[in-house]
Structures are given as structure tokens and as C-alpha cells.
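This is what each chain is made of:
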Amino acid sequence: MSAKSVLQLGMLLLVACGGFAVVATEVRTPPPSTRQEASLQNPGTSANSAAEKITREASSLTGPRAVLKRLGISDSMWEGLEDGQPLQPQEHELLLRLLFHMRMFQPVELEEWKQPPPEWNAIAADTRAWRGKLLEIKGTATEVAEESVPAEVAQRLGLHHYYACRVATENGEYLVYARDVPRAWKTIEQLREATVIRGLFLKLVKIQPKPVPLLVTDRPSWFPNNLLGRLGMDCSLFDDVGLGTSAQRFVTSHASSEGGDEPLSDPLEKYRLTGKDRECFYQLLAAVGRAEPGQLLREAQAELARMGKSTYSVVPLFNDPVHQQGKLFLLYGTARRIEKVSVEDPDIRKRFGIDHYHTIYLFTDDSQNYPIVFCVRYLPKGVVPGEGPGYAVNLAVAGFFMKTWAFRPQAALSPDAPRNAWQLAPLLIGREAVRLAADTSSRQVGTVTTILTGVVVVVVVLIGAVVWWFNRQDKKREWEIRQRLFSESSRAETSPSDRTSSNSMPDESNANLPLPDRPG
């Protein structure tokens, strides 16, 4: 085998080993970050619409009846109610107007105005002092029925139907009229769902076998028999959250039509965090805050064990968000960006005790270089918010999926982002993130890379030794040939007599050949 052949074989071995090392490294290398610039709106902040900036004069009044009086519901309408009788036709007008106006009350107002119900047997003779007060009851919804609104009233109030609910409590039954009910209740055949009602007391209405209190509310709260419900999350709030599905990871907003006269429907509207999402977002943050440290992670691991799986896939979060809302996910990945978000709203600070949270942009092995966004209450010890080319923290985060959220991508790390586009990502709410040590697979890759590097070095040394040995043999043979040629040349020059006799002798190789004919 020549030195050239050996060298070519060595180069092929080097290329093969080097290629395998690259492949082995790429299999476990975390996907590059698609870091984002500060978005126009942090998760959980309400939309900057004009309606949400208006401070209503009613908010400074002392209670719901004072507010309703400003809205045209006079004291005489309350005085006209008759206890112990079914709801009369003239009382329906008050009921429908209350249903229409209940949506105007803000959560902070309901929190301030609520009070426990009285002992009904003690005040059954005269309930006038309690009419229009906001009562809070806890119980089980056992029945729901849809009621139609007369056409002329529906056109005037924009209210086409409402719901009548039966609610059983420890102290007896209630009849609750609501503008709406949790969406899931409408499909449950045998309804027995935990609920909390904050409703205005109207009267004692006659229902066999005895009169029961009648309350009017916007929508009953719903606490299903699952982890979120046990943590005190009103899951009816998910009905307010806009859910959009898109096969694209980037969406461009359209402000107006080509003529500029009429605004087009904004495709980003269902991906933004609006005022309607606000209560759900902060109640989720409050609910996960009631969990014990590590509880969400353990619950998610137990669910994986029941399903016979080892990890959660992020594919449903991107492609089928409608059916993932409220579900718990545990994801492992690399955080390329972590922000601390301060909560300045005194309402949220007062009701939930939340003054900040952290936003984590997490990249998993199967997220294809797109982030999953977690909002958590707590960071692991030693992990500080940050971003940049060298920022990377391996984390495990368990959280509940809320919606698909749109945020501004960072051009340097999302080169495929269209101009003026917004990036879409699943938004999940969790209690804390858990820091991970270098995973086993990463250590294995490091070991394999070290071994391959050693093999490459050995191959290079062997190739060098073989090439040197062949070159040495070639030079030795070349020297021997030159020595023989030199010796023969020297003997010929030092023996002239031999050279003379040699020239006079006939050439034996041609002695027997016939001579050619001579020309004539």
C-alpha cells in the first residue's frame, strides 16, 4: 500500500469520525433562542382601551343600590316587590334590568360589597332591609334552565335569554337568576357542581314547599372537582378568554382597510391579553400560589404515570389550544429569557397579594426553536432574570395552559419573523420553576465527544507514523539503487582493457542472423 493510499484512507476515517461527533452533538443541543424584544403588553395587563380607563362615578358610591339608583332603578321599584309569591309580571322588568346592569360591577367592588346571608327564618316577615344587598353564598348547583326574554325587551336591553339555577347550600336552597352560566354546565346532564354566588337579593320567592331567597348575578363561579377547582380557581373565567388557532407562528396586524376609512378585524385580537382575560390571568396566578411547593410538578408526574408516558408533548399546545385550556403541563427545557414583571394595580395587590411575577421563555427539545411562555410566582434560588446570547438556564416548569399569546419577536434571534409581525406562543401559568442540573443525555454526549476526540487523535498519530515509515522505506530503496548504479559506473571506468576486449568481440545476440542482400 502506497503512502498516498494510506493518507486517503486516513482522511476518510477522520471525516467519518468528525461527522459522527457533529451529529451526536446536534442531537442534544438545545434549540437556539428566538429571543424577543419587550412586547407592547406584558402578560396579565389589561388592554389600554378607552372603556377600561374610564373611572365611573358609581365606583365611589357606598353600595350596589346606590349605583343602581344612578342607573334608573329607583327605591320604589324595590318597594314594589312582594315576598312569598312567584315572580310577578311587573317584577320581571326589575329582574331584567338588574341582569343587564350586573356586568358593570367590577371585581373589586363585588369584593368590597359582599356580605354573608342573614338567617332567613328570622327576617322572613320583612326582608325590605336586605333587598339590593350583595350576598355571597357557597353551595352546589343542581339545576339550570334557560329562560327567554320577550322580543320587545330583548331589543331594548340586548338581552335575549338568561338562566334560572337551583343552588343547594348548608342553610337551604336558593333560586339564582344569572345573565350567563359556565359553558360546561350547559352540557352536563346531572348537574352537581361546586359554585360561589355573589348576587343581589331580590325577594323570597315561593317555590314548593316553602319560599326561598332569590338572587340575581352576572354569572356563577365554578369550582370543578379537579386540581384547579381545589386550588380555588373560578374556571368559568376561561369562558371569557379568547382562543385562537393558527398554523402560522407569526401574525401580522391590520389596522385599517386599503382606503383607510373602516378598520379591518384585527387578527391579533384573539391572541392579545385584553381586559376580559385579566381576571382569569390573575386568578390563575392566585390559585397556583395556593399550591404547596412542588405540588404542581408532582401532580403532573403522577398524571404522566397514569397515562403511561414519560414526557408531555408541546405539539397540542401549538396546534390544538382549544382542547388544552386549563390542563396541567410539565415541560423541561432551556430558558433563554426571564423577565420580572411588577404589578402596579392596587386592586390586584389588595385582592390577591400579587405584586410581581416572572415571565419565562422556555425552549424544549420538540418546540422547533419556538418558545413556550410561562408566568410563574417564584424563581429557583440563584436564578436571576436576564437575556442575551450567553443566557441559558435549564428548567422544569409545571403550569396550566391559558391561551395562545402574541408578543413581539426579537429580530436577531427570530430571523424568519416577517416584518412588523407578532410571534405566537402558548401561555401557561405556574407556581415556580425548578432548576435542573446538566441532564444525563448531555453528559453522555460529552463522554461520546471526548471518546471520539481521542479516537481522532490516535488515528492522526497512526497515519503520521505509517506515512513516515513508508517515506523512510522509499528513501532507503532509492539510496540502495543509487549505490548500485554508482558502483557499476565506477568499475566500468577503472577497467579499460575489459572495455576494449568487450568492443572487439562479436555480438553473440546477432551472430546467427542472416545478412541482407547487397544491392545490384
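Description of the structure in this document. (Residues numbered from 1 in each chain as written. Predicted model: local features only at pLDDT ≥ 70, side-chain atom pairs only at ≥ 80, totals over all residues. Heavy atoms only, no water.)

Examining the overall build of the protein
- Within the protein, the secondary structure is distributed over 15 helices and 13 strands.
- When each of the 520 residues of the protein is scored for burial, the buried share is 41%.
- Relative to all contacts within the protein whose residues are 6 or more apart in sequence, the contacts with residues 24 or more apart total 71%.
- Surface exposure of the protein reaches about 29300 Å², of which carbon and sulfur atoms provide 54%. (Helix = DSSP H or I, 4+ residues; strand = E, 2+ residues; numbered from the N terminus. Buried < 20%, exposed > 50% of the residue type's maximum accessible area, 1.4 Å probe, protein only. Contact = heavy atoms within 4.5 Å. Areas by Shrake-Rupley, 256 points an atom, 1.4 Å probe, with all protein chains shown as cover.)

With respect to the packing of aromatic side chains
- Evaluated as defined, the whole model comprises 9 aromatic pairs.
- With a centroid separation of 5.4 Å and an interplanar angle of 65 degrees, the aromatic rings of Phe281 and Tyr357 are classed as edge-to-face. A residue pair is termed long-range when its members are at least 10 positions apart, and Phe281 in helix H10 (residues 275-289) and Tyr357 in strand S9 (residues 356-363) qualify at 76 residues. With respect to burial, Phe281 and Tyr357 carry one shared label: buried.
- Here Tyr312 and Phe329 contribute two aromatic rings whose centre-to-centre distance is 5.5 Å and whose plane-to-plane angle is 55 degrees, an arrangement assigned as tilted. One end of the pair, Tyr312, is in the loop between helix H11 (295-307) and helix H12 (315-319); the other, Phe329, is in strand S8 (residues 328-342), with 17 residues separating them in the sequence. (Phe/Tyr/Trp six-rings, centres within 6.5 Å; stacked < 30°, edge-to-face > 60°.)

Description of the nonpolar core
- In this structure, Met233, Tyr282, Leu284, Leu296, Ile360, Phe374 and Leu395 are the most contacted members of the largest nonpolar core, which totals 86 residues.
- Considering each element in turn, this core owes the most residues, 10 residues, to strand S12 (residues 393-407).
- Judged by nonpolar contacts, the second largest core, of 32 residues, contains Met102, Val149, Ile207 and Val216. (Core = buried A, V, L, I, M, F, W, Y, C linked by side-chain atoms within 4.5 Å.)

A few points about the environment of Lys327
- Inspection of the secondary structure assignment puts Lys327 in the loop between H12 and S8.
- In this structure, the C-alpha to C-alpha distance between Lys327 and Phe400, residues 73 residues apart in sequence, is 5.3 Å.
- Not counting chain neighbours up to four residues away, the residues in contact with Lys327 comprise Gly399, Phe400 and Phe401.

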